Amino acid sequence: MEQEVRLCEVGPRDGLQMARGMMAADDKLRWIRQLAAAGLREIEVGSFVSPRLVPQMADTGQLLPQVLGIDGLTVCALACNLKGAIAAYEAGAHVIAIPVSVSDTHSHANVGKGTDAQVEAVATIADWLRSQARPARLDVAVATAFGCSMEGAVPVRRVAQVAAAVMRAGADEIALADTVGYAHPAGVREAVRAAQDAVGARLVKLHLHDTMGLGLANALAGLDEGIRAFDACLGGLGGCPFAPGASGNIVTEDLVFMLESMGYRTGVDLPRLLAARALLAASLPRETLRSGVAAAGIPRTYPAAMAA
Ligand SMILES: CC(C)(COP(=O)([O-])OP(=O)([O-])OC[C@H]1O[C@@H](n2cnc3c(N)ncnc32)[C@H](O)[C@@H]1OP(=O)([O-])[O-])[C@@H](O)C(=O)NCCC(=O)NCCSC(=O)C[C@@](C)(O)CC(=O)[O-]
């Protein structure tokens, strides 16, 4: 069994993008430093999108150069079009993540164009990135891969087709994303297998939301199918503002607890991670942070894996 699991903390982007209230840029920086100090090596720090549509992300361009100074941190930023990808690249992002929704309706609501046109946007961005001197990883989140609140069921064969299309378009890494949190473990297994058949090892990650309380069960199903990378958000905040009914991401602290308890290594120090909740809670008093392990405390049975 491969014991390493890579976590990407998406709190500063997905977690904050539809928060009630704005986190000040200085607080974002302090929070990202705390997350990195807790051992998170990959953090999605923001997005380069319309500041009118997503005002919480308007300061990403200022934030990015500052977080690039954090030792050993892979800095990810989300973009939805070439303009945003260029801005992310020029600000120094190591990874640029693009959403491509399987649901045409969600795609229009989210990025202003349908699925096929957004795949073409990925190809344009990949071509542009290839012409640049500094390499940057191009990730694609195949959104609404487990259902859409506007279109309903999303056929697994269509998920596999979209994954194959974004691979041909030039994605380095592909994630399946449960945008509105409708996935269940059997569906995760089926979609992961179908996507693996279509794109092989290019399918790297799951991005899960916890709407139905099945987030960690879905992560476990993904683990069983060989997935070794997950997005998650401290306190389980988040959701796509353009997907009706979307709710929070899987909770980083609970995911770390589950993985470390099972013998996987995440590199994350759970006490330090829990300590990073205080700043988030203070900055966004109208948000409710979730986490079983934060509520109960770290049990004495928790493995001393980090100390080993
Ligand atoms: C996607 C665009 C940019 C389409 O932008 P467009 O195609 O250029 O459309 P437009 O020409 O109609 O422009 C719309 C507005 O965006 C501006 N604009 C255009 N491009 C940029 C840019 N790069 N940076 C800053 N501003 C930009 C543009 O100037 C204009 O401003 P306005 O005149 O209306 O004030 C726009 O629709 C937008 O910003 N949408 C927000 C998308 C978003 O942030 N969604 C949430 C993230 S995706 C997600 O949460 C899902 C995910 C990844 O987590 C996985 C999952 O859970 O499924």
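Computed from a predicted structure; not experimentally measured. Sequence order sets the numbering: in each chain, residues are counted from 1 along the sequence as written. Totals for whole chains, interfaces and linings use every residue, but because this is a predicted model, local features are given only for residues with pLDDT of at least 70 and side-chain atom pairs only at 80 or more, for both listing and counting. Hydrogens and water are ignored here; the side-chain numbers use all heavy atoms of the structure.

Chemist: For this particular structure, what's the right way to read the sheet that holds strand 6 (residues 173-177)?
Modeler: The strands making up a sheet are joined through hydrogen bonds of the backbone, oriented either antiparallel or parallel. Read once around its circumference, the closed barrel built from eight strands follows the order 1-2-3-4-5-6-7-8, with strand pairing classed as parallel. Ignoring which end each strand starts from, the neighbouring axes of this sheet average 30° apart. At least two DSSP bridges between two strands are needed for those strands to be called paired. Helix and strand labels come from DSSP, where a helix needs a run of H or I of at least four residues and a strand needs a run of E of at least two; each type is numbered from the N terminus. Pairing of strand 1 (residues 6-9) with strand 2 (residues 42-48) involves two bridges; the strand directions are parallel. The residue bridging cysteine 8 from the neighbouring strand is glutamate 42, located in strand 2. Any pair of residues with heavy atoms lying within 4.5 Å of one another is described as a contacting pair. Think of each axis as a best-fit line through the C-alpha atoms, taken over the contacting stretch in the case of a helix, with angles from 0 to 180 degrees between the N-to-C directions. Most of the contacts of helix 6 (residues 115-130) go to strand 4 (residues 95-101), to which it runs at about 165°, and overall it touches strand 4 and strand 5 (137-143).

Chemist: How do you make sense of the site of the ligand when you look at a structure like this?
Modeler: Think of it this way: one heavy atom of a residue within 4 Å of a molecule or strand is enough to make that residue near it. Neighbouring residues of the ligand: 25 residues in total, closest Ser50, Arg52, Asn81, Asn110 and Thr179. Within the contact set of the ligand, a nitrogen atom lies 3.4 Å away from a backbone nitrogen or oxygen of phenylalanine 48. A 3.5 Å cut-off defines polar contacts: any pair of N or O atoms within that distance qualifies, except that in protein one atom must be a possible hydrogen donor and the other a possible acceptor, and neighbouring residues in sequence count only when both atoms are side-chain atoms. A distance of 2.7 Å is found between a nitrogen atom of the ligand and a side-chain nitrogen or oxygen belonging to asparagine 110. Residue exposure ignores everything except the shown protein chains as possible cover, and the areas themselves are Shrake-Rupley values with a 1.4 Å probe. Contact with the protein chains hides 73% of the accessible area of the ligand, taken as 1100 Å² for the molecule alone. Here the ligand occupies the largest pocket. Counting residues per element, the ones that place at least two in the shell around the ligand are helix 1 (11-15), helix 4 (82-91) and helix 5 (104-111). Of the residues that constitute the shell around the ligand, the class distribution is 13 nonpolar, eight polar and four charged. In this analysis, the protein atoms alone were mapped onto a 1 Å grid. Cavities are point sets where a 1.4 Å probe fits without being able to get out; pockets are open sets with protein on both sides within 12 Å along at least five of seven lines; lining residues have an atom within 4 Å of a point. Here the criterion for a molecule occupying a pocket or cavity is that more than half of its atoms lie within 2 Å of the pocket grid points. Amino acid classes used here: Ala, Val, Leu, Ile, Met, Phe, Trp, Tyr, Cys and Pro are nonpolar; Asp, Glu, Lys and Arg are charged; the rest, including Gly, are polar.

Chemist: Teacher, can you tell me more about the side chain of threonine 266 here?
Modeler: Checked against the element boundaries, threonine 266 lands in the loop between helix 10 (252-261) and helix 11 (270-275). Within the structure, threonine 266 has its side chain in polar contact with the side chain of glutamate 260 (distance 2.6 Å). A distance of 3.1 Å separates a polar side-chain atom of threonine 266 from the backbone nitrogen of valine 268. Residue contacts for threonine 266: discarding those within four places in its chain leaves Val5, Leu7, Val256, Leu259 and Glu260.

Chemist: Help me understand the pairing of strand 7 (residues 203-207) in this model?
Modeler: For a regular strand, the rule is simple: side chains alternate between the two faces of the sheet. Note on exposure labels: buried denotes an accessible area under 20% of the residue type's maximum, exposed denotes more than 50%, and partly exposed covers the range between, all computed with a 1.4 Å probe on protein chains only. Counting buried positions along strand 7 yields five of five residues, so the element is predominantly enclosed. As defined by bridge partners, strand 6 adjoins strand 7 across four bridges and the pair is classed as parallel. Bridge assignment links isoleucine 174 to a residue of strand 7, and that residue is leucine 203. Handedness of a crossover: with both strands directed away from the viewer, a clockwise path from the first strand across the helix to the second marks it as right-handed. Once the chain exits strand 6 it traverses helix 8 (residues 185-199) before rejoining the sheet at strand 7, and the crossover so formed is right-handed. Here strand 7 pairs with strand 8 (residues 229-232) via two bridges, running parallel. Bridge pairing in strand 8 places leucine 206 opposite phenylalanine 230.

Chemist: Whenever I open this one, unusual backbone geometry confuses me. Can you help?
Modeler: Of note, threonine 144 is a non-glycine position whose phi angle comes to about 50°, a positive value. Examined against the element boundaries, threonine 144 turns out to sit in the loop between strand 5 and helix 7 (156-169). The phi torsion at serine 291 lies on the positive side, around 155°, for a residue other than glycine. Tracing the backbone shows serine 291 in the loop between helix 12 (277-283) and helix 13 (292-296). Judged by relative accessible area, which is 12%, serine 291 ranks as buried.

Chemist: Looking at this structure, I do not really get the side chain of glutamate 225. What am I missing?
Modeler: Inspection of the secondary structure assignment puts glutamate 225 in the loop between helix 9 (215-224) and strand 8. Judged by its relative accessible area of 15%, glutamate 225 falls in the buried class. Filtering out sequence-adjacent residues up to four positions away, glutamate 225 remains in contact with Arg189, Val192, Arg193 and Gln196.

Chemist: Explanation requested: the packing of helix 7 against helix 8 in the structure shown.
Modeler: Their axes nearest at 8 Å, the elements helix 7 and helix 8 cross at an angle of 35°. Crossing handedness for the pair helix 7 and helix 8: right-handed. Packed against helix 7, whose contacting residues are Val156, Ala160, Ala163, Ala164 and Met167, the element helix 8 presents Glu190, Ala191, Ala194, Ala198 and Val199 at the interface. Residues that form the contact of helix 7 with helix 8 fall into these classes: nine nonpolar, no polar and one charged. The sense of a crossing depends on the near helix, which, turned anticlockwise from the far helix by less than a right angle, makes the crossing left-handed and, turned clockwise, makes it right-handed.

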